[in-house]
Amino acid sequence: MAIISSMKIDLMAILCIVLAGVVTYGGVILYKKIAINFGIISNLNYRTLHEVPTPRGGGIVFSLLFSFAIFALWYSDRISDQVFCIFGLGGFFATLFGFIDDVKNIKAKIKLAIQLLLGGWAVYWLEYGDLLLLESIPFLIATLTALFFMVWMMNAYNFMDGIDGMAASGAIFISLTLATVLFLTEGSVEIITIFILIAATVSGFMFFNWPPATIFMGDAGSVFLGYIFGSLLLFTVLNNDISIWSWITVFGYFFADTTVTQIMRVILVKKWYLAHRSHAYQNLARITGSHLKVTGAVTLYNIIWIFPLVVWSVLQPEMEVVAAILAVVPAMIVTYKYGPLLSSS
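Conventions we followed
- Residues numbered from 1 in each chain as written.
- Predicted model: local features only at pLDDT ≥ 70, side-chain atom pairs only at ≥ 80, totals over all residues.
- Heavy atoms only, no water.
- Helix = DSSP H or I, 4+ residues; strand = E, 2+ residues; numbered from the N terminus.
- Rg over C-alpha atoms; globule rule 2.2 N^0.38 Å.
- Buried < 20%, exposed > 50% of the residue type's maximum accessible area, 1.4 Å probe, protein only.
- Areas by Shrake-Rupley, 256 points an atom, 1.4 Å probe, with all protein chains shown as cover.
- Lys, Arg positive; Asp, Glu negative; His and termini not counted.
- Charge placed at Lys NZ, Arg CZ, Asp CG, Glu CD.
- Core = buried A, V, L, I, M, F, W, Y, C linked by side-chain atoms within 4.5 Å.
- Contact = heavy atoms within 4.5 Å.
- Axes fitted to C-alpha atoms, helices over the stretch in contact; angles between N-to-C directions.
- Parallel < 35°, antiparallel > 145°, perpendicular 65-115°, else oblique.
- Left-handed = near helix turned anticlockwise from the far one by under 90°.
- pLDDT = per-residue confidence, 0-100.
- Expected span 1.5 Å × (residues − 1).

Caption draft 1: Up close: the overall build of the chain. Helices and strands together make up the secondary structure of the chain, namely 13 helices and two strands. Against the 2.2 N^0.38 benchmark of 20 Å for 345 residues, the chain shows a C-alpha radius of gyration of 19 Å, consistent with a compact globule. By its C-alpha atoms, the chain is 50 × 45 × 40 Å across when sized along the principal axes. A buried classification covers 53% of the 345 residues belonging to the chain. Carbon and sulfur atoms make up 71% of the accessible area of the chain, which amounts to about 15800 Å² in all. Across the chain, the mean location of the 17 positive side-chain charges is 20 Å away from that of the 18 negative side-chain charges.

Caption draft 2: Quick look at the nonpolar core. If you look at the biggest cluster of nonpolar residues, it comprises 96 residues, and the most contacted ones within it are Phe 87, Phe 195, Leu 225, Phe 229, Leu 232 and Trp 247. For this core, the element with the highest residue contribution is helix α8 (residues 218-238), accounting for 12 residues. The contacts of Phe 195, once residues within four sequence positions are left out, are Ser 175, Leu 178, Ala 179, Leu 182, Phe 229, Leu 232, Ile 242 and Trp 247.

Caption draft 3: Spatial organisation of the packing of helix α5 (residues 139-159) against α8. Following both chains from N to C, one finds α5 and α8 inclined at 140°, their axes separated by 7 Å at the closest point. On the basis of the axis angle, α5 is oblique to α8. In terms of crossing hand, the pair formed by α5 and α8 is right-handed. Between α5 and α8, the contacting residues are Ala 146, Phe 149, Met 150, Met 153, Met 154, Tyr 157 and Asn 158 on the first element and Asp 219, Ser 222, Val 223, Leu 225, Gly 226, Tyr 227, Phe 229, Gly 230, Ser 231, Leu 233 and Leu 234 on the second.

Caption draft 4: A look at the environment of Leu 268. One can find Leu 268 in helix α10 (residues 252-268). Once the C-alpha coordinates of Leu 268 and Pro 340 are considered, the two residues, 72 residues apart in sequence, prove to be 7.8 Å apart. Every residue in contact with Leu 268, bar those within four places of it in the chain, is listed here: Pro 340 and Leu 341.

Caption draft 5: Main features of the confidence of the model for the chain. Considering every residue of the chain, the mean pLDDT works out to 89; 91% of them sit at 70 or more. In the model of the chain, strand β1 (residues 41-42) stands out as the element of lowest mean pLDDT, 88, in contrast to helix α9 (residues 244-250), which has the highest, 97. In this model residues 1-7 is a low-confidence stretch, pLDDT under 50, and it forms 18 contacts with partners more than four residues away in sequence or in other chains.

Caption draft 6: Geometry of helix α1 (residues 11-37). With 27 residues, α1 extends 39 Å from end C-alpha to end C-alpha; this agrees with the ideal 39 Å at 1.5 Å per step. Of all the positions in α1, only Ala 13, Cys 16, Ile 17, Ala 20, Gly 21, Thr 24, Val 28, Tyr 31 and Ala 35 are classed as buried. Looking at the buried residues of α1, the elements they touch are β1, β2 (54-55), α2 (59-75), α3 (81-104) and α7 (189-209). The first or second residue beyond α1 is Gly 39, which carries a positive phi of 70°.

Now the structure itself:
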């Protein structure tokens, strides 16, 4: 395995990435004014953990700029039609759906139908042939599993957007870490570009979303990120760019919190499918009275613990399962202790 990548991202791609990040920053400032004028505000209720009404739907800014940058790269022949359709067009439709939900509050059944369509779009552009690479799994089962996974990812990422900076900081960390993985393994330049582009655009938004947040990404951002990361996971695993174990490792905290919380709610709560605020990170934010302490702690966990584990799993592939277990188990213990057992509402 090569340790240093000889491939380079060209000047056009670099300019797109830098420009998208800078414009995101300015775009968020403009969007905040628009959101206030049109009443696109997250008001206080029993589920919220903020203390003042705050503009929501801000994820539309970084999501659209990501999609426009992908279009520019495709138009200049720097990415393939397949990559453009999955991440550019698919990402655009995902954020459009999320933003409409932020403004109009779409019914649950319609949400599920649209999420299935978005998942189907990504699976279709995998050109089916990639799913046939899973020789031990019948094609129909592989397709249905991929669809279920896409819907789960869109909802799971939405679940993690419950306190200031949590979802945004996670997206930046995951993107930069997996870009590093591809660099170390001389992976696809197309996908490295996409990861860095996500990090750049979300960073422009992060200036306003880090605790105390002055704007929330809303479904426009969380559904988009769930769709993009879900599509990236399927694309990179099926093309042998990134191991499924590396993905589980890098999503260590998010995977543990969403999975354990949902399982415990099924066991403990009769109407487990209703909206709630019983994730461990939400309960800890209430206990400490600080979004900053919790988001900061998870960020440090990612940087100090998860990042070395991901790199270890890449440099020593025979240890990737161990790395994934080490990434997930501590977060599972925290979630078990401070999740729905502490508060299931």
